Amino acid sequence: MRLLIVEDEKRLANALSNGLSAEGFAVDLAHDGIDGLHMATTTDYDLVILDLMLPGMNGYKVCAELRAAGQETPVLMLTAKDGEYDEAEGLDTGADDYLTKPFSYVVLLARIRALLRRRTRGGAKEFKVGDLVLDPNTHTCRRGGNEVSLTAKEFAVLEYLAVRAGEVVSKSDIIEHVWDFAYDGDPNIVEVYISTLRRKIDTPFGCRSIATVRGAGYRLVVERA
């Protein structure tokens, strides 16, 4: 999942980016409202974490502009204010949730995951594709009741395939959602992760869950070998 953090407090922005990256998210940063709006409208993000008090353009305006442009990306608004009016105004401009500083990182992470669940699965807590089950809250993967150990990045790749289960997903789509804006390495890194996932979730169980669609990408399916 790819996130955009629009936050002018660079220490906080970097701390959030490091923490969320360790959880397997791809994270991009913007430090003012104008750059944040540009990035949010030109890149396909799964969620935007938006500070209220920003130079150039405040969070209210950024959120309102996003919604006016037809962007439905979930927005989690951050602010140092804590009045009911501020919360109401933030939600009225199109924000999906609201968190007051200072906040617990654990709470932030829970809010992010709840918004992502709401967007991709109507609130369901797990992905289930046949006997393959992914739980983003615990970052666990099970096949037929057996736990499969995955790294954060492996889980992120598989999670994105699960979000689009049954659809063909290109390498560029995977890189865009699992790696961050700064990634300029070999796109064949996707092949490495797909190969590793197959060794972990398919080979030991006699399955072929990740199909290669020649010239197009990959599709998550469930079938016996």
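- As named in an unreviewed UniProt entry, the protein chain is Response regulator transcription factor, taken from Nocardia callitridis.

Concerning the sheet that holds strand S7 (residues 132-135)
Hydrogen bonds between backbone atoms are what pair the strands of a sheet, whose relative direction is either parallel or antiparallel.
So, step 1. Strand order in the open sheet formed by four strands is S6-S7-S8-S9, and the pairing between neighbours is antiparallel. The open sheet has two edge strands, strand S6 (127-129) and strand S9 (146-148), and neither has a second partner. Recorded for the sheet is a direction-independent mean angle of 25 degrees between the axes of neighbouring strands.
So, step 2. Looking at chain direction, strand S8 (residues 140-143) and S9 are connected through three bridges and run antiparallel. Of the residues in S9, the one forming a bridge with arginine 142 is glutamate 147.
So, step 3. In the packing of helix H6 (residues 152-163) onto the sheet, the strands contacted are S6, S7 and S8, and the crossing angle to S7 comes to about 115 degrees.
So, step 4. Against the sheet, helix H8 (residues 189-202) engages S7, S8 and S9, with an angle of about 55 degrees to S8.

Some details on H6
One full turn of an α-helix is made of 3.6 residues, so residues set three or four places apart face in the same direction.
So, step 1. In this model, H6 (12 residues) spans 16 Å end to end at C-alpha, consistent with the 16 Å of a helix rising 1.5 Å per residue.
So, step 2. With nine of its 12 residues buried, H6 lies for the most part within the structure.

Topic: the pattern of salt bridges
So, step 1. This model, assessed by the stated rule, comprises 14 salt bridges.
So, step 2. In this structure, a network of salt bridges that share partners links the residues Glu7, Glu9, Asp51 and Lys101.

Notes on helix H1 (residues 10-22)
So, step 1. Spanning 13 residues, H1 covers 18 Å between terminal C-alpha atoms, matching the ideal 18 Å at 1.5 Å per step.
So, step 2. Along H1, the residues classified as buried are Ala13, Leu16, Ser17, Gly19 and Leu20.
So, step 3. Where H1 terminates, the next one or two residues include glycine 24, which has phi positive at roughly 100 degrees.

As for the pairing of strand S4 (residues 75-79)
The two faces of a sheet get side chains in turn, since along a regular strand they alternate between them.
So, step 1. Buried residues dominate S4, accounting for five of its five residues.
So, step 2. Burial of S4 is two-sided: the residues Val75, Met77 and Thr79 facing one way and the residues Leu76 and Leu78 facing the other way are all buried.
So, step 3. What joins strand S3 (residues 47-51) to S4 is helix H3 (residues 59-68), and the crossover it makes is right-handed.
So, step 4. As paired strands, S4 and strand S5 (residues 97-100) are joined by four bridges and run parallel to one another. By the bridge assignment for S5, methionine 77 is matched with tyrosine 98.

Points about the pairing of strand S2 (residues 26-30)
So, step 1. The buried fraction of S2 is high, at four of five residues.
So, step 2. Note: strand S1 (residues 2-6) against S2, five bridges, orientation parallel. Bridge pairing in S2 links arginine 2 to alanine 26.
So, step 3. A crossover links S1 with its parallel partner S2, the connecting element being H1, and its sense is right-handed.

About the cut-offs
Residues numbered from 1 in each chain as written. Predicted model: local features only at pLDDT ≥ 70, side-chain atom pairs only at ≥ 80, totals over all residues. Heavy atoms only, no water. Pairing = 2+ DSSP bridges. Helix = DSSP H or I, 4+ residues; strand = E, 2+ residues; numbered from the N terminus. Axes fitted to C-alpha atoms, helices over the stretch in contact; angles between N-to-C directions. Contact = heavy atoms within 4.5 Å. Expected span 1.5 Å × (residues − 1). Buried < 20%, exposed > 50% of the residue type's maximum accessible area, 1.4 Å probe, protein only. Salt bridge = Lys/Arg side-chain N within 4 Å of Asp/Glu carboxyl O. Right-handed = clockwise from strand over helix to strand, strands pointing away.

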